[in-house]
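Listed here are the chains, written in short residue letters.
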Amino acid sequence: MSNSGRWHAYTAVVAAVCVMVGVYWDISWHMSIGRDTFWTPAHLLIQAGGLIAGGASGYVALHTTFRGTPAERASSVNFWGFRAPLGAWISIWGCGAMLTSAPFDNWWHNAYGLDVKIVSPPHVVLAIGIFSIALGALLLVLAKQNRATDRDRKQLAWLLALIGGLILMNLAVFLTEYSERPWLHSALFYEITALVFPFALTTLARAIKLRWAATACAAFFTGMMLALMWIIQLFPATPKLGPIYQPVTHMIALSFPLLIIVPAIGIDIVLQRFDGRVDSPLLAIAVGVVFVALFLAAEWPFATFLVTSPIARGAFFNAANFVYYESPSHTAAAHHFVRAAPGALPLSVSLLIAAGIASATSLVGLLRGEWMRKVRR
Amino acid sequence: MFAAALWLLASAHVGSPDVVFDGAAGPYPVRVIVRPPDVVPGLADVIVRAVEPGVEHVTIRPVFWRVGVAGAPAGDEMSRVAGQQDVYTGRLWLMAFGSYSVYVTVSGAKGTGTAIVPVAALATGRLPLSRGLTIILIVLGSLLVAGLITIVYAASGESLVAPGEPFDARRRRRARLVTTISAPILALLLFGGSKWWNAEDNAYRRNMYGAPAAEPTVAVDATHRTLSVTVRDTANFRTLTAPLIPDHGKMVHLFLIATNGSNNFAHLHPVEHDSGAALIFTGEVPALPAGRYRLFGDLTLENGLSLTVTNTVDLPAPPSVVARTDSDDAWTMTSAVPIAAAGAVSQLGDGYTLVWNDSIPLTSRDAVELAFTVRDSAGKVATLEPYLGMVAHAAVVRSDGSVFIHLHPMGTVTSVAQQVFRARDLGDTTAHGRLGPSALAASNAASASMPAMSMSGAISFPYEFPKPGRYRIWVQVRPATRVLTGTFDVDVH
């Protein structure tokens, strides 16, 4: 890998880390302190990450277009007459999406009130921007991995697994509202996770040239989520907004990460045995079924522990991470699972549907991973 | 910029959302103005004038009715306005829908004291996209869409070509095909996004405050003309979630104001009937002539929320004998309404006059002091008797009926709402946040230490007119035994 390419790849990864740590910090800020301005350190970290990624890629684009060596120009793509690697364009686009979301989000707060929801249209624009920052970093490193010789390739593949962990983190954080503890035994939770994670895991598993690629990505995801969860709780905080229903004395962290790592191991094993030997649709069905089965086997009993056991309510498992504005009735309900609505499909049927969703998204993921394997620029 | 573009559709009071309070924070006299946000969660602007020398700090806290001070964040220090010795400003986030109070704490040489200023946190406005922002979003959005299509083309074409190899015609065709297929998918996603936006907008509108409906009926026989007003929630947002609480000893203060420009006006207190789902108020109408009247009803709930309901009612001709009404009911039918000017005089009857003291012109969105003097037939300043627990009451109505407010010398707030918050802070609430049976008595005892009310005939009402226009102001006082009403018209710029 050339030195110039190396700094760009590492800068993109650092930027993606900044953004995701900033997002985690920001959500924790909203859960604990509440009061929000554009200038909170968490916001600044997110914006800085976006600007670093966009700025570095912008520089690379200008450099490659006007001063690039023949080798640099040969490993770039055309974009409106400018030249840069595909990942750089995706990073720049992501930076643009993040910048676009800022005035939109500001108007949204003025029009509909300061949001306490994660999933709102301007936040989706922001999340897509953030996702693109991570995806841009992924593709920058991926193109190099795909061109690299053996020694470089291993190093690049581990860097990719780190970015894969950031992408899983982005998805998991965005799904926070659908993965609250009382919902971890509900059909909807397994359907939504089936929509998102098999797609990401199969893409990463196929694209990253590691034998345990999905597992490595999930391990980075789990490690970062746990580290942030344990560290952020060490910082004191008091709510600056009211009504305050919960006694908050330190930063409240997001819940214990989902046990994605268990089905990730299963996906790696399935791909090691069958990838290249059976057609992608058949492989996708196997991956989908394995994902739902293993995720269910791991998350279901762990959720029982988190929801019902007093042991889980300490800082380590963080199962009493109540937002300052959660009412006491909510707290009481938090230690019980949400019951299925009357007339809902039996759970077994819903799980079959989840397996079907997981198979479909796995197929898309496998095909996208196949494309990623071929990216050279 | 955005706030200026906001359409005001509603407020807990009719067209007059800003709260003005004149009173005391312990030993310090204060004037507090709170401009609540149009959306919730949103920022309220707070302005405090503390004229007493020796004031060192002024802090404000947002206190939600359900949790009281125990669930309020620590106070925020207000900042002194540059060049103004005694004016402080600050902003507070109101996060939940419903009844809040801003606790204004003043500390200084004389110690520390707190004033409670009840405020309603309700979604009352809807913000349209400004032209400038629309253009910015369209330009940025178009760039993003165009950029994304270019990225898809590059991702499915040139990026797959190993360095040094040509991006040949076959690969270009393939890239064009993928791009062509993905364009409608992208369009579909954008369409879905706009649908989602609309759905969020509709959900917001459903949560907007709409005053409960007030449906009047009038029954006439030989000796009675009985008005019944049924009040019930009709908007999706439920307002009447707590029981009513008497304000100045009355469950409702009902104002009837003729729409024909005449000065027929009444301040009545119909009785509430236990009626299950809706609130029903019934009372006799005094000797007002037949015609169409605007009806405004002021209610206060046990959670401290004060609100006004409104409608019009057609009164038939009165019967030959008019039945007695509530002893605190008062009305006027004088024909001449003076235009407000310094020294202008309105006849109160019984030999008393009401003199307008304030300077003219008045400007909207500006704190003004509506100052009057009640004089007896000898021209001396009269001493007043309390009327409904206050030295004076005023009703302010814009000529088109779009603004109505019931004022006291303490401003737009009701003292019972303050008592509600005081009672909650004493812990006199049930598990569900309702007031305990003895709550208000205890809170009244706590407030008995407040400075005694002046009963001088020199009276004033602090207020901010929300918009320009012609307003009519009725002032009600009790200089002897009878409640008398004076009236002025005033142009606000």
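### A look at the overall build of chain A
- Regarding its fold elements, chain A presents 12 helices and 2 strands.
- By the compact-globule yardstick of 21 Å for 377 residues, chain A fits well, its C-alpha radius of gyration being 21 Å.
- In chain A, which comprises 377 residues, the share counted as buried stands at 51%.
- Across chain A, every contact between residues at least 6 apart in sequence was considered, and the portion connecting residues at least 24 apart equals 80%.

### Some thoughts on the overall build of chain B
- Within chain B, the secondary structure is distributed over 4 helices and 28 strands.
- Counting only C-alpha atoms and orienting by the principal axes, one finds that chain B spans roughly 110 × 60 × 50 Å.
- The proportion of buried residues among the 493 residues of chain B is 41%.
- Within chain B, residue pairs in contact and separated by at least 24 positions form 67% of the contacts whose partners lie at least 6 positions apart.

### Thoughts on the interface of chain B and chain A
- The interface is formed by 44 residues belonging to chain B together with 36 residues belonging to chain A.
- Taken together, the elements giving at least two residues each to the side of chain B that touches chain A come down to strand S5 (55-64), helix H1 (131-156) and helix H2 (169-206) of chain B.
- The leading source of residues in the side of chain B that touches chain A is H1 of chain B, at 13 residues.

### Topic: the sheet that holds strand S21 (residues 345-349) of chain B
Residues and elements named next belong to chain B.
- Read from one edge of the open sheet, 4 strands run S21-S22-S23-S26, paired in antiparallel fashion. Of all the strands in the sheet, just S21 and strand S26 (458-464) have a single pairing partner and so form its edges. Recorded for the sheet is a direction-independent mean angle of 25 degrees between the axes of neighbouring strands.

### So, unusual backbone geometry
- Cis geometry is adopted by the peptide bond preceding proline 243 of chain A, which originates at glycine 242 of chain A and carries an omega value of 5 degrees.
- Here proline 243 of chain A is to be found in the loop between helix H8 (213-232) and helix H9 (261-274).
- The step from valine 40 of chain B to proline 41 of chain B runs through a cis peptide bond, and the omega angle for that step is 0 degrees.
- Examined against the element boundaries, proline 41 of chain B turns out to sit in the loop between strand S3 (28-35) and strand S4 (42-50).
- The backbone phi angle of tryptophan 80 of chain A is positive, close to 50 degrees, even though this residue is not glycine.

### Comments concerning the nonpolar core
- In this structure, Ala16, Ala134, Ile163 and Cys217 of chain A together with Val104 and Val117 of chain B are the most contacted members of the largest nonpolar core, which totals 257 residues.
- Sort the elements by how many residues they give to this core and helix H5 (residues 121-147) of chain A lands first, with 16 residues.
- Among all residues touching alanine 16 of chain A, those that are not within four sequence positions of it are Gly49, Ala53, Ile133, Ala134, Ala137, Ile163 and Leu166 of chain A.

### As for the sheet that holds strand S18 (residues 291-300) of chain B
Residue and element names in this part refer to chain B.
- In spatial order, the strands read S19-S18-S14-S15-S20; together these 5 strands make up an open sheet with antiparallel pairing. Bordering the open sheet on either side are strand S19 (306-315) and strand S20 (330-332), each of which pairs with just one other strand. When the angles between neighbouring strand axes are averaged without regard to direction, this sheet yields 15 degrees.
- Here 6 bridges tie strand S14 (residues 253-258) to S18, and the two strands are oriented antiparallel to one another.

### Some details on the packing of helix H7 (residues 187-207) of chain A against H8 of chain A
Residue and element names in this part refer to chain A.
- Interhelical geometry of H7 versus H8 gives an angle of 120 degrees and a closest axis separation of 7 Å. As the angle between them shows, H7 and H8 are arranged oblique. In the crossing of H7 with H8, the sense of the turn from one axis to the other is right-handed. Within the contact between the two elements, H7 uses Leu201, Leu204 and Ala205 and H8 uses Ala213, Ala214 and Cys217.
- For the contact of H7 with H8, the residue count by class is 6 nonpolar, no polar and no charged.

### Let's talk about the pairing of strand S25 (residues 404-407) of chain B
All names here are of chain B.
- The alternating pattern of S25 places Phe404 and His406 on one face and Ile405 and Leu407 on the opposite face, and all of these are buried.
- Note: strand S24 (residues 393-398) against S25, 4 bridges, orientation antiparallel. Each residue of the ladder has a partner; that of valine 397, found in S25, is phenylalanine 404.

### What about helix H3 (residues 415-425) of chain B?
Residue and element names in this part refer to chain B.
- Counting buried residues in H3 gives 11 out of 11 residues, a clear majority hidden from the surface.
- Residues of H3 that are buried: Ser415, Val416, Ala417, Gln418, Gln419, Val420, Phe421, Arg422, Ala423, Arg424 and Asp425.
- Among the residues trailing H3, glycine 427 stands out with phi positive, at a value near 90 degrees.

### Here we look at the pairing of strand S22 (residues 352-356) of chain B
Residues and elements named next belong to chain B.
- Side-chain alternation along S22 places Tyr352, Leu354 and Trp356 on a buried face and Thr353 and Val355 on a face that remains uncovered.
- In this sheet, S22 lies alongside S21 in antiparallel orientation, the contact comprising 4 bridges. Of the residues in S22, the one forming a bridge with serine 346 is leucine 354.
- Once S21 ends, the chain turns through 2 residues before running back antiparallel as S22, passing aspartate 350 with a positive phi of about 55 degrees.
- Both S22 and strand S23 (residues 367-375) contribute to a ladder of 4 bridges, which runs antiparallel.

### Observations concerning the packing of helix H6 (residues 150-174) of chain A against H8 of chain A
Residues and elements named next belong to chain A.
- The N-to-C vectors of H6 and H8 enclose an angle of 60 degrees; their axes lie 7 Å apart at closest approach. Relative to H8, the element H6 is oriented oblique. The handedness of the crossing between H6 and H8 is right-handed. Facing Ala161, Leu162, Gly164, Gly165, Leu168 and Met169 of H6, the residues of H8 in contact are Ala213, Ala216, Cys217, Ala218, Phe220, Phe221, Met224 and Met225.
- Along the lines of polarity and charge, the residues of the contact of H6 with H8 split into 12 nonpolar, 2 polar and no charged.

### Some thoughts on the confidence of the model for chain B
Residues and elements named next belong to chain B.
- Of the residues in chain B, 92% have a pLDDT of 70 or more, and the chain-wide mean is 88.
- Of all secondary-structure elements in chain B, the lowest mean pLDDT belongs to strand S1 (residues 7-8), at 40, while H1 reaches the highest, 95.
- Note on residues 1-9: pLDDT under 50 across the span, and 18 contacts to partners over four residues away in sequence or across chains.
- Predicted as a complex, the structure gets a pTM of 0.87 and an ipTM equal to 0.90.

About the criteria used
Residues numbered from 1 in each chain as written. Chains lettered and ligands numbered in written order. Predicted model: local features only at pLDDT ≥ 70, side-chain atom pairs only at ≥ 80, totals over all residues. Helix = DSSP H or I, 4+ residues; strand = E, 2+ residues; numbered from the N terminus. Rg over C-alpha atoms; globule rule 2.2 N^0.38 Å. Buried ≥ 20, exposed ≤ 12 C-beta atoms within 10 Å, placed from the backbone. Contact = placed C-beta atoms within 7 Å. Pairing = 2+ DSSP bridges. Axes fitted to C-alpha atoms, helices over the stretch in contact; angles between N-to-C directions. Core = buried A, V, L, I, M, F, W, Y, C linked by C-beta atoms within 7 Å. Parallel < 35°, antiparallel > 145°, perpendicular 65-115°, else oblique. Left-handed = near helix turned anticlockwise from the far one by under 90°. Nonpolar A, V, L, I, M, F, W, Y, C, P; charged D, E, K, R; others polar. pLDDT = per-residue confidence, 0-100.

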